[in-house]
Amino acid sequence: MISHAGTIAPRLLADRVGLTAELSGAMAQRRSIPIHDRGRVLTDVAVMLTGGGESIADIRVLRHQSVRDVLRIAGF
């Protein structure tokens, strides 16, 4: 988990600048209700790949990572 502690920064940046929300809107379909937000999934996949992930299964590392965990690991 410590080796992936820095991956939350680009994820938070995407949320802050509105990229995640814009992707969600652009990928929305009228006839379906997705189980997972498509913008969040796409953002998480991009962050996972930049963090060295090689398959969609590697995204589970991000699922369990929160700001609180990162701060705890960093000693705050």
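Here is a short report on the structure shown in this document.

### Description of the overall build of the chain
Reasoning step 1: In terms of helices and strands, the chain carries five helices and zero strands.
Reasoning step 2: Reading the secondary structure of the chain in the N-to-C direction produces α-α-α-α-α.
Reasoning step 3: Buried residues in the chain amount to 24% of all 76 residues.

### Digging into a nonpolar patch on the surface
Reasoning step 1: Taken together, the side chains of Leu 13, Val 17 and Leu 19 define a hydrophobic patch exposed on the protein surface, amounting to about 290 Å² of accessible area.
Reasoning step 2: When you line up the elements, Leu 13 lands in helix α1 (residues 8-16).

### Here's the deal with helix α3 (residues 38-50)
Reasoning step 1: Here α3 spans 18 Å end to end across 13 residues, near enough to the 18 Å set by a 1.5 Å rise per residue.
Reasoning step 2: Residues of α3 that are buried: Gly 39, Thr 43, Asp 44, Val 45, Val 47 and Met 48.
Reasoning step 3: With a side-chain oxygen lying 3.1 Å from the backbone nitrogen of Gly 39, the N-terminal cap of α3 falls on Asp 37.
Reasoning step 4: Phi turns positive one or two residues past the end of α3, at Gly 52, with a value near 100°.

Quick notes on the rules
- Residues numbered from 1 in each chain as written.
- Predicted model: local features only at pLDDT ≥ 70, side-chain atom pairs only at ≥ 80, totals over all residues.
- Heavy atoms only, no water.
- Helix = DSSP H or I, 4+ residues; strand = E, 2+ residues; numbered from the N terminus.
- Buried < 20%, exposed > 50% of the residue type's maximum accessible area, 1.4 Å probe, protein only.
- Patch = residues over 30% accessible without salt bridge, like charges linked within 9 Å, V, L, I, M, F, W, Y side chains within 5 Å.
- Areas by Shrake-Rupley, 256 points an atom, 1.4 Å probe, with all protein chains shown as cover.
- Salt bridge = Lys/Arg side-chain N within 4 Å of Asp/Glu carboxyl O.
- Expected span 1.5 Å × (residues − 1).
- Polar contact = N/O pair within 3.5 Å; in protein donor to acceptor, adjacent residues only side chain to side chain.

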